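Residue strings, one per chain:
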Amino acid sequence: MDRARDSLLVPAATILLLLVAWEGIAYLRLNGLQEGTFAYRQQQSYLPYAHKVLQAYLANAPSFLDAGLVTLGNAFVGFLIGAAIGYALALLMSRSPWVARSFYLYIVGSQMVPVIALAPILYGIIRDETILKITVAAYLTFFPVTVNVLRGLQSVDPPALDLLHSYAATSWDVYRKLRMPASLPFLFNALKIASTGSLIGAIVTELMGGNKGLGVLILSLQYNTYGASDKLWALVIEVAVIGMLFFGAVTLAERLLVPWQAEYRRPARRTR
Amino acid sequence: MAAPEGAAAAPRRPWGARGRTLLPPLLIGGAVLLLWQAQVIHGLLQIQTYQLPIPSQILESFTRRPRDLWIGGWYTLGEAVAGLACGAGLGLLTAGLFVQFDGLRRSLMPLAAATNAIPIVAFAPIVTLWLGFDQPSRIVVVAVMTFAPMVVSAYKGLTAVDNQALDLMYSYAAPAAATFRKLRLPSSLPYVFSALKVGATASMIGAVVAEFFNSAGGIGKLIANNIRGDFALAWCGVVIVTAMGLGLYGAISLVERLVVPWDISRRGR
């Protein structure tokens, strides 16, 4: 219990310290400058006051939240589709060596292709903004899921496999009772990577020519930097918070669905 | 990412068998390229070649603007490599400090892990405000992106030492520095290299995406500038970035083979 409180308290204190330092540095730079003057705006473009950022956020909360929901919504739909396709493909690959042999090389190789770099090009093929964002997010999700789940499906304990064989378990039973549960921790590792990835995918797609969403807002604020750096900061922090919430939600789902994994992860450090 | 274990890779097979494992992917790749070139894909998706250039057009674009692609490629590669070096170096250093000072680890490790959850490239516009439109901006973005995974990985490696080996060092009255150098550092190397390999890909992608936002040059800018016009040229950019990412990955794998031969042999590859 003490440990749990510690692990919450210490980062909170660190964040508070960072906020104080932020406000302090901003004060050193902005102190004495008249608000609204060019010199002030120029200095503010480096680091606006933390409380000004908060004010800017509150003042723009409806439109910022709206954009965030659009982006997160698209990223999440793509994330779900990508995870489903990725899992199905991993199942197929673990069943059929031929499929595995044909596609594995490309799936591993394409992790090295800057898929996001394809986002702008895909605008030429898929014209609809929302469908494109979902596609890119799904695409970025499906690779880590396939690769990790396949490894998970193959990571079963040989004695356990022998035991099921000795029970004359069908192949489906082996999957349902052994392989699929074994793949879950791997799946969640992949989903954590993909949560950030799908969000970035959606934002970058918006950046390249969308009409709504966080990427569009960032772009418009970026070209208006001297006037609006507090707004830009507010928005970027919102992106970070959305990313952390998404990641946190995946972690929470893991805790609920794969409790044994979280169990064994915790005390592992305390073996000594 | 770890080696393609299981499915495709098999330890030491004769060449005939290896040919058989390589044949299906090569056939599929070749077939896709052919269908693409023959515009069958275009027919299926109902698109024109100006929307999706065919491979020969892309190849031709390489000869059309070689200078831009060459300069842009080096510009982006420089950002990725410098950013990866800074991020990974600082990450390793931080992990070392975390091992020595546990209090530091407990207060800062959660924050380092949290940065994994943040879409760092979204910070690119702010970094641009600080450092301008040139390479340093992207180097910082890439460094921040690659820093946290390295801290987490390297810390895992530095602490993944055999307790008995630690006891042995202790019984020799070895100073902390010697334990670190002779025991912890070698044991961390496989973890460090796996973080570096993940970072190789991430750094290329990060540099390109950060250039999308605002940049004085580079492949990302080239792609962004040509998405409304010269698609074939934008595809050249994608090909170059992919090739550079693979090259960086390959170079790091090669160094790994030289520096950590024991791990490779243990993996049986």
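Residues numbered from 1 in each chain as written. Chains lettered and ligands numbered in written order. Predicted model: local features only at pLDDT ≥ 70, side-chain atom pairs only at ≥ 80, totals over all residues.

Enquirer: For the overall build of chain A, give the residues involved together with the corresponding values.
Expert: A count of helical and extended segments in chain A gives 11 helices and 0 strands. Listing every helix and strand of chain A by position from the N terminus yields α-α-α-α-α-α-α-α-α-α-α. The buried share of chain A, taken over its 272 residues, is 42%. Within chain A, residue pairs in contact and separated by at least 24 positions form 76% of the contacts whose partners lie at least 6 positions apart. (Helix = DSSP H or I, 4+ residues; strand = E, 2+ residues; numbered from the N terminus. Buried ≥ 20, exposed ≤ 12 C-beta atoms within 10 Å, placed from the backbone. Contact = placed C-beta atoms within 7 Å.)

Enquirer: So, unusual backbone geometry: which residues are in play, and what are the values?
Expert: A positive phi is found at A:Ala168, a non-glycine position, where the angle reads about 60°. By the element assignment, A:Ala168 lies in the loop between helix 7 (158–166) and helix 8 (171–207). One non-glycine residue, B:Ala173, lies in positive phi territory at about 55°.

Enquirer: Lay out the interface of chain B and chain A in plain terms, naming residues and giving numbers.
Expert: Taken residue by residue, the interface counts 51 residues in chain B and 52 residues in chain A. Looking at the side of chain B that touches chain A, the elements with two or more residues in it are helix 1 (15–37), helix 5 (102–115), helix 6 (124–131), helix 9 (176–213), helix 10 (219–226) and helix 11 (231–259) of chain B. No other element matches helix 11 of chain B, which puts 10 residues into the side of chain B that touches chain A. Split into classes, the residues belonging to the side of chain B that touches chain A amount to 40 nonpolar, 10 polar and 1 charged. (Nonpolar A, V, L, I, M, F, W, Y, C, P; charged D, E, K, R; others polar.)

Enquirer: Kindly report on helix 6 of chain B, identifying the contributing residues and their values.
Expert: Residue and element names in this part refer to chain B. Most of helix 6 is tucked away, with 6 of its 8 residues classed as buried. Where helix 6 is concerned, the buried positions are Ala124, Pro125, Ile126, Val127, Thr128 and Leu129. Of the residues flanking the end of helix 6, it is Gly132, one or two places downstream, whose phi is positive at about 90°.

Enquirer: Now, about the packing of helix 9 of chain B against helix 10 of chain B: what can you tell me, with residues and values included?
Expert: Residue and element names in this part refer to chain B. Axis separation between helix 9 and helix 10 bottoms out at 7 Å; the angle between their running directions is 50°. The pairing of helix 9 with helix 10 is recorded here as oblique in orientation. In this structure, helix 9 crosses over helix 10, and the sense of that crossing is right-handed. Facing helix 9, whose interface residues are Ala207, Val208, Val209, Ala210, Glu211 and Phe212, helix 10 presents Ile219, Gly220, Lys221 and Ala224. (Axes fitted to C-alpha atoms, helices over the stretch in contact; angles between N-to-C directions. Parallel < 35°, antiparallel > 145°, perpendicular 65-115°, else oblique. Left-handed = near helix turned anticlockwise from the far one by under 90°.)

Enquirer: Break down the confidence of the model for chain B for me, with residues and values.
Expert: All names here are of chain B. Per-residue confidence for chain B gives a mean pLDDT of 82; residues scoring 70 or more make up 90%. Element-level pLDDT for chain B is lowest in helix 12 (residues 261–267), with a mean of 56, against a maximum mean of 92 in helix 4 (residues 66–100). Predicted confidence for residues 1–11 stays below pLDDT 50, and this span has 28 contacts to residues more than four positions away or in other chains. Low pLDDT, under 50, characterises residues 264–269; the stretch is placed with 7 contacts to residues that sit more than four places away or in other chains. Overall fold confidence for the complex sits at a pTM of 0.80, while the interface term, ipTM, reaches 0.75. (pLDDT = per-residue confidence, 0-100.)

Enquirer: Describe helix 7 (residues 135–159) of chain B, naming the residues involved and giving the relevant values.
Expert: For helix 7 of chain B, with 25 residues, the first-to-last C-alpha span of 35 Å sits near the 36 Å given by 1.5 Å per residue. Residue B:Phe147 marks the point of greatest curvature in helix 7 of chain B, where the axis turns by about 25°; the proline B:Pro149 follows within four residues. (Expected span 1.5 Å × (residues − 1). Bend = angle between axes of the 7 residues up to and from the residue.)

Enquirer: Report on the environment of A:Val149, specifying residues and quantitative values.
Expert: Residue and element names in this part refer to chain A. Within the secondary structure, Val149 is located in helix 6 (residues 129–154). The spacing of Val149 and Met208 is 59 residues in sequence and 32 Å in space, taken between C-alpha atoms. Ignoring sequence-local partners within four residues, the contact set of Val149 consists of Gly86, Tyr87, Ala90, Ser183, Phe186, Leu187 and Ala190.

Enquirer: Give me the lowdown on the packing of helix 3 (residues 50–95) of chain A against helix 8 of chain A, citing residues and values where you can.
Expert: Residue and element names in this part refer to chain A. Their axes nearest at 9 Å, the elements helix 3 and helix 8 cross at an angle of 135°. Taken as axis vectors, helix 3 and helix 8 run oblique relative to one another. Every pair of crossing elements has a handedness; the one defined by helix 3 and helix 8 is right-handed. Contact residues: helix 3 offers Thr71, Asn74, Ala75, Gly78, Phe79, Gly82, Ala83 and Tyr87, while helix 8 offers Leu187, Leu191, Ala194, Ser195, Ser198, Leu199, Gly201, Ala202, Ile203 and Glu206. The class makeup of the residues in the contact of helix 3 with helix 8 is 10 nonpolar, 7 polar and 1 charged.

Enquirer: Talk me through the environment of B:Thr94; I want residue IDs and the actual numbers.
Expert: Residue and element names in this part refer to chain B. Structurally, the position occupied by Thr94 is in helix 4. A tally of 21 C-beta atoms within 10 Å means that Thr94 is categorised as buried. Residues Thr94 and Met150 lie 56 residues apart in sequence; the distance between their C-alpha atoms is 9.1 Å.

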